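Summary of the model geometry
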Amino acid sequence: MSTVVGVSQLGVAPRGGADRRLQRLLLVLSANMLVDALEVSTTIVAMPTIARSFGLSQRMSSSLVVAFALGFGGFAIASQRLAVRHGRRPAYLVAMAVFAVASVCAGLAPNLAVLLATRVVKGACVALTAPTGLAIIAATFPDGHARHRALATYSLFGACGFSAGLVVSGLLTTASWRWAMSWTAPVALALCLAASGLIPRDLTPRDLTPRDAARPTAVRLRRAIMRTSKSPASPRPRRWALGQASAGAAALNGSYWGFLFLTTFDFQSRRTFAPWWAGLALLPSSLPLALATPWCKHLLVKAGARRLIAAGAVSACAGYIWYAQRPSMGYGALVPALLLIAAAFVLSFTALNARAMSGLAPHEQASAGARFQTSVQLGGVAVLIAVAAAPHRLGPWVVVVAATCGVAAAFAGVPSSSKEGRA
């Protein structure tokens with residue numbers, strides 16, 4: 001079980017709010033989303049070029065994204081145990097350093113096997129940093145306006161990273177896909193250096209009361225956290241909210257990965273777009289989230305997470321239905337689908353994160369963050385594999401089915417015993 005840090009441990013007075021150090025820490029932790037988003041968008045744009053370089057079919061090229069997601073999903077739970085055993089700070093720093101080395105190795109990969117191995121390693125590294133970062137944010141910022149604002153920042157980094165990855169990867173892939181695979185190395189190194197001075201050390205026996213001094217370390221940590229936590233909500237609605245958010249995020253992410261897979265190959269193969277133009281052509285589906293994220297916290301306060309998630313799921317499904325009916329349309333006719341997908345992320349991306357972490361006691365937040373983000377990655381894997389395996393004409397409808405699952409999850413009822421609030 002992973003531990004999380006409280007506000008007082010960051011040098012912030014309980015009544016004084018977040019100071020500059022806390023805000024810098026939030027930026028570093030939010031950058032976990034930046035790295036994750038960069039990896040996906042960079043690889044998707046470079047995928048057709050890599051496929052031609054190694055003589056891969058369109059179906060086999062999906063393994064480049066699948067390998068990263070499987071590395072993340074397969075290592076997410078074990079990573080939390082490593083963070084407990086060796087400490088959150090050293091685990092984070094080592095993971096970022098290994099990520100940078102793996103990025104360089106990916107750019108130098110002599111064959112597909114080596115490239116896939118680096119993708120798995122990078123996924124495992126992000127699995128160690130991303131859930132812990134989300135858990136620290138959830139524990140540090142109290143539920144309500146402060147957490148909504150922090151999660152909006154967290155979402156902003158993901159949106160900016162995805163948009164930047166589309167453009168930068170397109171430009172670098174035009175020169176060589178090897179540059180596209182390795183350019184995240186300096187990003188990871190910069191984060192490693194920034195985090196080394198900001199991420200606090202884990203609790204030590206000195207931070208605990210003498211009453212706990214003779215107990216095993218894990219028990220002492222758990223008791224110290226539980227003493228400072230609010231009384232959590234009843235388990236059933238809390239688990240339901242986490243499960244519903246995880247299912248919705250898996251459907252949102254999975255359908256989007258499937259859509260990007262189809263359109264990227266369509267742009268660069270059938271339409272013969274250059275990689276940089278293909279990246280730019282996909283920006284309308286991701287850039288609006290980056291622009292609107294600063295206001296997402298206000299939407300959360302006014303509308304509530306459940307309503308935003310439902311509206312986003314419907315918008316995404318409508319966009320994919322538009323695309324599925326006209327898979328060979330001209331780019332101008334594709335723009336409405338791109339904008340509907342963008343609206344889905346604007347409405348529900350931050351809301352899904354907020355709902356997943358609402359009502360959780362501090363000692364539950366790291367494992368909940370790991371389960372939530374694992375669902376996001378594995379949802380992408382499932383849909384991407386299904387789209388790659390489907391006949392060409394059925395691929396867009398596989399995406400529609402995945403988006404429909406998101407609508408079903410969003411409108412699923414809450415247990416009658418729940419007295420949920422808006423989050």
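Residues numbered from 1 in each chain as written. Predicted model: local features only at pLDDT ≥ 70, side-chain atom pairs only at ≥ 80, totals over all residues. Heavy atoms only, no water.

This part is about helix α11 (residues 275-282). Along α11, the positions that sit buried rather than exposed are P275, A278, G279, A281 and L282. The buried residues of α11 occupy an angular sector of 160° when the element is viewed end-on, so they sit on one face. (Buried < 20%, exposed > 50% of the residue type's maximum accessible area, 1.4 Å probe, protein only. Helix = DSSP H or I, 4+ residues; strand = E, 2+ residues; numbered from the N terminus. Arc of directions from axis to C-beta.)

Here we come to unusual backbone geometry. One non-glycine residue, T272, adopts positive backbone phi at about 55°. You can see T272 is positioned in the loop between α10 (235-270) and α11.

Turning our eyes to something else, we now look at the side chain of S163. With respect to the secondary-structure elements, S163 resides in helix α6 (residues 145-175). Discounting residues that sit within four places of it in the chain, S163 has contacts with L283, S286 and L287. (Contact = heavy atoms within 4.5 Å.)

Right, let's talk about a nonpolar patch on the surface for a bit. Nonpolar side chains collect at one region of the surface, where L171, W276, W277 and L280 lie side by side and expose about 380 Å² of accessible area between them. A per-element tally of the nonpolar patch places α11 first, with three residues. For W276, the location among the structural elements is in helix α11. A relative accessible area of 39% means that W276 is categorised as partly exposed. (Patch = residues over 30% accessible without salt bridge, like charges linked within 9 Å, V, L, I, M, F, W, Y side chains within 5 Å. Areas by Shrake-Rupley, 256 points an atom, 1.4 Å probe, with all protein chains shown as cover. Salt bridge = Lys/Arg side-chain N within 4 Å of Asp/Glu carboxyl O.)

Between helix α1 (residues 20-54) and helix α4 (residues 88-107), whose axes approach to 13 Å, the crossing angle comes to 30°. If you check the angle between α1 and α4, you find them roughly parallel. When you trace α1 past α4, the crossing you get is left-handed. Contacts from V28, N32, V35 and E39 in α1 reach Y92, M96 and F99 in α4. (Axes fitted to C-alpha atoms, helices over the stretch in contact; angles between N-to-C directions. Parallel < 35°, antiparallel > 145°, perpendicular 65-115°, else oblique. Left-handed = near helix turned anticlockwise from the far one by under 90°.)

Right, let's get into the side chain of T49. Structurally, T49 can be placed in helix α1. In this structure, T49 is in contact with T173, W177, Q268 and P275, ignoring residues within four places of it in sequence.

This part covers the packing of aromatic side chains. Inspection of the entire model under this criterion finds twelve aromatic pairs. Taking 6.0 Å as the distance between ring centres and 65° as the angle between the ring planes, the aromatic pair formed by F267 and Y331 counts as edge-to-face. Of this pair, F267 sits in helix α10 while Y331 is found in helix α14 (residues 331-357), placing the two residues 64 residues apart along the sequence. Looking at Y331, the relative accessible area reads 21%, which means it is partly exposed. With 6.2 Å between their ring centres and 55° between their planes, W277 and Y331 make a pair best called tilted. Separated by 54 residues along the polypeptide, W277 in helix α11 and Y331 in helix α14 bring together distant segments of the chain. Through successive ring pairs, a cluster of aromatic residues spans F267, F273, W276, W277 and Y331. Taking the ring centre of F99 as reference, the NZ or CZ of K122 above it sits at 5.2 Å. Sitting over the face of the ring of W322, R326 holds its NZ or CZ atom 4.2 Å from the ring centroid. (Phe/Tyr/Trp six-rings, centres within 6.5 Å; stacked < 30°, edge-to-face > 60°. Lys NZ or Arg CZ within 6 Å of the ring centre and 35° of its normal.)

Side chains bearing opposite charge may pair, as long as their charged atoms lie close to each other. Under the counting rule described, the total for this entry stands at four salt bridges. With a shortest N-O distance of 2.3 Å, R119 and E39 are connected by a salt bridge. In this pair, R119 sits in helix α5 (residues 112-140) while E39 sits in helix α1, placing the two residues 80 residues apart along the sequence. In this structure E39 comes out as buried when scored by relative accessible area, which is 2%. The partner of D266 in a salt bridge is R271, and the shortest N-O contact between them spans 2.6 Å. What makes D266 buried here is its relative accessible area of 14%. Exposure remark for R271: the relative accessible area of 15% places this residue in the buried category.

Our focus in this paragraph is the confidence of the model for the protein chain. Regions with low pLDDT carry predicted coordinates that are not meant to be interpreted in detail. Taken over all residues, the pLDDT of the protein chain has a mean of 79, while the share at 70 or more is 81%. Here residues 203-233 is a poorly scored stretch, pLDDT under 50, and it has 29 contacts once near neighbours within four places are set aside; other chains count. Every residue in residues 416-423 scores below 50 in pLDDT, and together they form 17 contacts with partners more than four places removed in sequence or on other chains. (pLDDT = per-residue confidence, 0-100.)

Glancing now at the nonpolar core. If you look at the biggest cluster of nonpolar residues, it comprises 121 residues, and the most contacted ones within it are F259 and Y320. The element best represented in this core is α1, accounting for 18 residues. The residues touching F259, leaving out its near neighbours within four places in the chain, are Y320, Y323, L334, L338, I341 and V399. (Core = buried A, V, L, I, M, F, W, Y, C linked by side-chain atoms within 4.5 Å.)

Before going further, it helps to examine the packing of α6 against α14. Remark: α6 packs on α14, axes separated minimally by 9 Å, with the N-to-C direction vectors making an angle of 130°. Here α6 lies oblique to α14, going by the angle between them. In this structure, α6 meets α14 at a crossing whose hand is right-handed. Side by side, α6 and α14 meet where R147, H148, L151, A152, Y154 and S155 of the first sit next to F349, T350, N353, A354 and M357 of the second.

With that out of the way, let us pick up the environment of A102. Assignment of secondary structure puts A102 in helix α4. Note: C-alpha distance between A102 and K122 (20 residues apart in sequence) is 6.4 Å.

A rise of 1.5 Å per residue sets the reference length of helix α12 (residues 287-303), with its 17 residues, at 24 Å; its end C-alpha atoms lie 23 Å apart and thus fit the reference within 8%. For α12, the complete set of buried residues consists of L289, A290, T293, C296, K297 and L300. Those residues of α12 hidden inside the fold are in contact with α6, α13 (305-325) and α14. (Expected span 1.5 Å × (residues − 1).)

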